[in-house]
Amino acid sequence: QVQLVESGGGLVQAGDSLRLSCAASGGTFSTYTMAWFRQAPGKEREFVAAITWIFATSYLDSVKGRFTISRDNAKNTLYLQMNSLKHEDMAVYYCAASARKGLLTAVDYAYWGQGTQVTVST
């Protein structure tokens, strides 16, 4: 059983930066595809970014060039560096892990964290 614990959320102003972290335990972190999703009030959960076991990355179009996903397998930790934050980035951000390979969707991620709130004031 994989446990995921997010941290690093908070209240920032538009244009500021935040780095989210996700500490993983209980599984073979280095073999998982890891991802960040987010959910804003009244909206469906949406994919933000993913990184595979071979460090290939993918991003939601609206965050490309502003967000960077990375992983440190030695620390079993996933990161999301968020720069130039916008009001529309405000959401609860979730870390997710999947043992599957290939092109994944949310249903392919078996393990989820509890989420961390990111609030962006204008």
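To be clear, the structure that these remarks concern was listed above.
Criteria and cut-off values
Each residue is numbered by its place in its chain's sequence as written, counting from 1. Local features in this predicted model are restricted to residues whose pLDDT is 70 or higher, and side-chain atom pairs enter the listing and the counts only when it is 80 or higher, whereas totals over whole chains, interfaces and linings include all residues. Remark: hydrogens and water are excluded; side-chain values derive from all non-hydrogen atoms of the structure. Only DSSP runs of H or I reaching four residues or more are called helices, and only runs of E reaching two or more are called strands; each is numbered from the N terminus. Categorising residues by exposure relies on relative accessible area from a 1.4 Å probe, with only protein chains included: less than 20% of the type maximum marks a residue as buried, more than 50% marks it as exposed, and the intermediate range marks it as partly exposed. Side-chain atoms within 4.5 Å are what join buried Ala, Val, Leu, Ile, Met, Phe, Trp, Tyr and Cys residues into a set we call a nonpolar core. Here, residues are in contact when the closest pair of their heavy atoms is within 4.5 Å. A pair of cysteine sulfur atoms is labelled a disulfide when the two atoms are within 2.5 Å. Centres within 6.5 Å are what make two rings of Phe, Tyr or Trp a pair, Trp counting through its six-membered ring; a difference in plane orientation under 30 degrees is then read as stacked, over 60 as edge-to-face, and the rest as tilted.

**Looking at the overall build of the chain**
Here's step 1: Looking only at helices and strands, one finds zero helices and 11 strands in the chain.
Here's step 2: When its helices and strands are written in sequence order, the chain yields β-β-β-β-β-β-β-β-β-β-β.
Here's step 3: The principal-axis extents of the C-alpha atoms in the chain amount to approximately 40 × 25 × 25 Å.
Here's step 4: Counting every position in the chain, which comprises 122 residues, the buried fraction comes to 42%.

**Considering the nonpolar core**
In summary, soluble globular proteins display a tendency toward joint burial of nonpolar side chains.
Here's step 1: If you look at the biggest cluster of nonpolar residues, it comprises 29 residues, and the most contacted ones within it are Met-34, Trp-36, Leu-78, Leu-80, Met-82 and Tyr-93.
Here's step 2: Breaking this core down by element, the ones donating at least two residues are strand S3 (18-25), strand S4 (33-39), strand S5 (46-51), strand S7 (67-72), strand S8 (77-82), strand S9 (91-98) and strand S11 (116-121).
Here's step 3: With residues near it in sequence (within four places) discarded, Met-82 still touches Asp-16, Ser-17, Leu-18, Leu-20, Arg-66, Phe-67, Tyr-93 and Val-118.
Here's step 4: In terms of nonpolar packing, the next biggest core, distinct from the first, is built from six residues, Phe-37, Ala-96, Leu-104 and Tyr-109 among them.

**A word on the state of the cysteines**
Here's step 1: Considering all chains together, one arrives at one disulfide under this definition.
Here's step 2: Here Cys-22 connects covalently by a disulfide to Cys-95, the sulfurs 2.0 Å from one another. Because the sign of the S-S torsion sets the handedness, a value of about -70° for the bond joining Cys-22 and Cys-95 places this disulfide among the left-handed ones. Of this pair, Cys-22 sits in strand S3 while Cys-95 sits in strand S9, placing them 73 residues apart in sequence. Side by side, Cys-22 and Cys-95 carry an identical accessibility label, which is buried.

**Focus: the packing of aromatic side chains**
Here's step 1: Scanning the entire structure with this criterion turns up five aromatic pairs.
Here's step 2: Relative to Trp-112, the ring of Phe-37 lies with its centre 4.9 Å away and its plane at 50°, an arrangement referred to as tilted. A residue pair is termed long-range when its members are at least 10 positions apart, and Phe-37 in strand S4 and Trp-112 in strand S10 (residues 111-112) qualify at 75 residues.
Here's step 3: Measuring from ring centre to ring centre gives 6.4 Å for Tyr-109 and Trp-112, while their planes differ by 65°; the resulting arrangement is edge-to-face.

Read these as spatial facts, not as claims about activity.
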